[in-house]
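Residue-level structural notes
Chain by chain, the residues run as shown.
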Amino acid sequence: PALDEDDLLLVCTKNRTEHLLADLARHELDAVLVDEPVGPQYHVKAYNHLLLESRIGVYGRPELVKKFGLGFPKNLDGAPFLMTAERSALRRELDRSFLSAAVVPKVVAEFDDTALMRVFGEQGKGLFAYPEVMEERLGAMYGLARAGILEDTKERFFLVTLERKVRDPTVLKLRAHYQNTGEHQ
């Protein structure tokens, strides 16, 4: 929806949260997308607007899912696993979930970039965690299957702005899109 604007310049960059928030505070950005709420540790008066919340599924090539999907999540113990970077909110959720289930997957690679992680998953290099809201696309476009859902494990995305009440029309459209499409799970 945001890309439908004729006079929009969309800048997509990956950086540490503190750098992006500094740019936001200098009004070089209108909004920042993050995977956990921004707190006082960043020393920026910013507001978190929940965009998306999704349960987390474990996905992979059908042959890997067949081998490690039965008895989920216990069968993840020792399974080749593509893991998100340690500093990500999803990694902390996964570590908590695996500890709770007494499961220790064999981490074969760690990724800052989840799209690159998905590519390795497509190549059959391991199972990986991804938001369930993307499941249909993972199957249709990439031929991946679901091994199971990690109960009580969610990924959240927040749009961070300097405004408590968002007034920027493009940011409002983006927020409305996710709130109206039923993509909160």
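Scroll up to find the structure this text is about.
Residues numbered from 1 in each chain as written. Predicted model: local features only at pLDDT ≥ 70, side-chain atom pairs only at ≥ 80, totals over all residues. Heavy atoms only, no water.

Re the overall build of the protein chain
The helix and strand tally for the protein chain stands at six helices and six strands. Counting from the amino terminus, the protein chain carries its helices and strands in the arrangement α-β-β-α-β-α-β-α-β-α-β-α. Compactness check: the protein chain gives a C-alpha radius of gyration of 18 Å against a globular reference of 16 Å for 185 residues, within 12% of the reference. Overall, the C-alpha framework of the protein chain stretches about 50 × 35 × 25 Å when taken along its three principal axes. A total of 185 residues make up the protein chain; the buried ones form 39% of that total. The long-range fraction of contacts in the protein chain, counting pairs at least 24 apart against all pairs at least 6 apart in sequence, stands at 79%. Of the roughly 10,800 Å² of accessible surface on the protein chain, a fraction of 50% belongs to carbon and sulfur atoms. (Helix = DSSP H or I, 4+ residues; strand = E, 2+ residues; numbered from the N terminus. Rg over C-alpha atoms; globule rule 2.2 N^0.38 Å. Buried < 20%, exposed > 50% of the residue type's maximum accessible area, 1.4 Å probe, protein only. Contact = heavy atoms within 4.5 Å. Areas by Shrake-Rupley, 256 points an atom, 1.4 Å probe, with all protein chains shown as cover.)

Thoughts on the pattern of salt bridges
Overall, the coordinates contain 18 salt bridges when judged by the stated rule. For E28, the salt bridge goes to R26, with nearest N and O atoms at 3.0 Å. Bridged by salt links that share partners, the residues R55, E132, E135, R146 and E151 form one connected network. (Salt bridge = Lys/Arg side-chain N within 4 Å of Asp/Glu carboxyl O.)

So, the nonpolar core
By size, the foremost hydrophobic cluster in this structure holds 19 residues, and its most contacted members are V58, L76, F81, L94, F98, L127 and L150. Elements supplying a minimum of two residues to this core: strand 2 (47–60), helix 2 (62–68), strand 3 (80–84), helix 3 (89–100), strand 5 (127–131) and strand 6 (145–161). Filtering out sequence-adjacent residues up to four positions away, F81 remains in contact with V58, F98, P105, K106, V107, V108, A109, L127, F128 and A129. If you look at the next biggest cluster of nonpolar residues, it comprises 10 residues, including L20, L21, V32 and F158. (Core = buried A, V, L, I, M, F, W, Y, C linked by side-chain atoms within 4.5 Å.)

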